[in-house]
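Here is how the chains run, residue by residue.
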Amino acid sequence: MALPFFYLSAYDGGSLIDLDEPTSRHIVSVLRMQIGEQLHLTDGKGLLLTATVTEAHKKRAVVKVENQSFFERQTAIVSIGISLVKNNTRFEWFLEKATETGVANICPIICQRTEKQNFRYDRMHQILVSAMLQSQQVWLPELSAPVPFNTIVKGSDHNKKWIAHCIETNKESLRKQGPAKGKEILLIGPEGDFTEAEIALALAHGFAPVALGETRLRTETAGMVGATLLLVN
């Protein structure tokens, strides 16, 4: 059976680690782990520690590091710039699934048609951490604060840049591009789609228009489909 995964926000290199209270409680009270049992810890930056429980206290468990490894990030660095949506639950679903798929960067964007809603960074970050641990990965996606559409378009330095929109025009099929190679970004618009002016701005800055399929997708679904097409062979 695979060892349970836990998040360690910072690691100083020591052999003994005092775990925070939420992690300690989960290990001792939920999983009922005992002294001598092993687990994995990751900082979300490629580090994987194998450790043994030495003190099973529900408020301050202690583990001893037995082994540590570092895993390089995969070659394809995929970023998704995606409009916020009115329903936070749907956006949180996207964050979870994008993390499981292996997206490296998630940038919420404010478009002309983005509906006002509340962005709670701490909650969103915790969703990413939970999804990383559930899928047993050691790289946590970078999540930025929401930025205006113009900012992400003008500031992108990716090797390949894509924008998915619903206007009937000549678009490449993202499926036919194959898995991402290098550093790529895909922009996903709000429920009312990008405006023509936004699309024109993106094209002027090197973004290529792409189609994600034959049907019209919700914002969060489009983000998930796009991530899958770019990351899954």
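Shown above is the structure to which this text applies.
Keep in mind that what you see is a predicted model, and the values were worked out from it rather than measured. (Residues numbered from 1 in each chain as written. Predicted model: local features only at pLDDT ≥ 70, side-chain atom pairs only at ≥ 80, totals over all residues. Heavy atoms only, no water.)

A. Region of the structure containing the side chain of E184. Examined against the element boundaries, E184 turns out to sit in strand 12 (residues 183–188). Buried charge without a salt bridge: E184, with K160 as the nearest opposite-charge side chain at an N-O distance of 4.4 Å. At 3.0 Å, the side chain of E184 forms a polar contact with the side chain of W162. Residues contacting E184, with those up to four places away along its chain left out, are I77, V78, S79, H158, K160, W162 and L230. (Helix = DSSP H or I, 4+ residues; strand = E, 2+ residues; numbered from the N terminus. Buried < 20%, exposed > 50% of the residue type's maximum accessible area, 1.4 Å probe, protein only. Lys, Arg positive; Asp, Glu negative; His and termini not counted. Salt bridge = Lys/Arg side-chain N within 4 Å of Asp/Glu carboxyl O. Polar contact = N/O pair within 3.5 Å; in protein donor to acceptor, adjacent residues only side chain to side chain. Contact = heavy atoms within 4.5 Å.)

B. Inspection of the sheet that holds strand 3 (residues 38–42) at higher detail. The strand order 1-3-4-5-2 describes an open sheet built from five strands, whose pairing is mixed. Edge strands, defined here as strands with exactly one partner in the open sheet, are strand 1 (5–7) and strand 2 (16–18). Sheet twist, expressed as the mean angle between neighbouring strand axes with direction ignored, is 40 degrees. Alignment of strand 4 (residues 47–55) against strand 5 (residues 62–70), held across eight bridges, turns out to be antiparallel. When the bridges of strand 5 are listed, L47 appears paired with F70. Strand contacts of helix 3 (residues 121–134): strand 1 and strand 3, with the helix running at about 155 degrees to strand 1, the strand carrying the most contacts. (Pairing = 2+ DSSP bridges. Axes fitted to C-alpha atoms, helices over the stretch in contact; angles between N-to-C directions.)

C. Fine view of helix 5 (residues 196–204). Within the span of helix 5, buried status applies to E198, I199 and A202. Looking straight down helix 5, one finds that the buried residues subtend no more than 100 degrees of arc, so they occupy a single side. Along helix 5, the residues that are exposed and aim more than 90 degrees away from the buried face are E196, A197 and A204. Packed against the buried residues of helix 5 are helix 4 (149–155) and strand 10 (160–164). Of the residues trailing helix 5, G206 is marked for its positive phi of about 90 degrees. (Arc of directions from axis to C-beta.)

D. Expanded view of the side chain of T23. Relative to the helices and strands, T23 is located in helix 1 (residues 21–30). What T23 contacts, discounting residues up to four positions off in sequence, is F6 and Y7.

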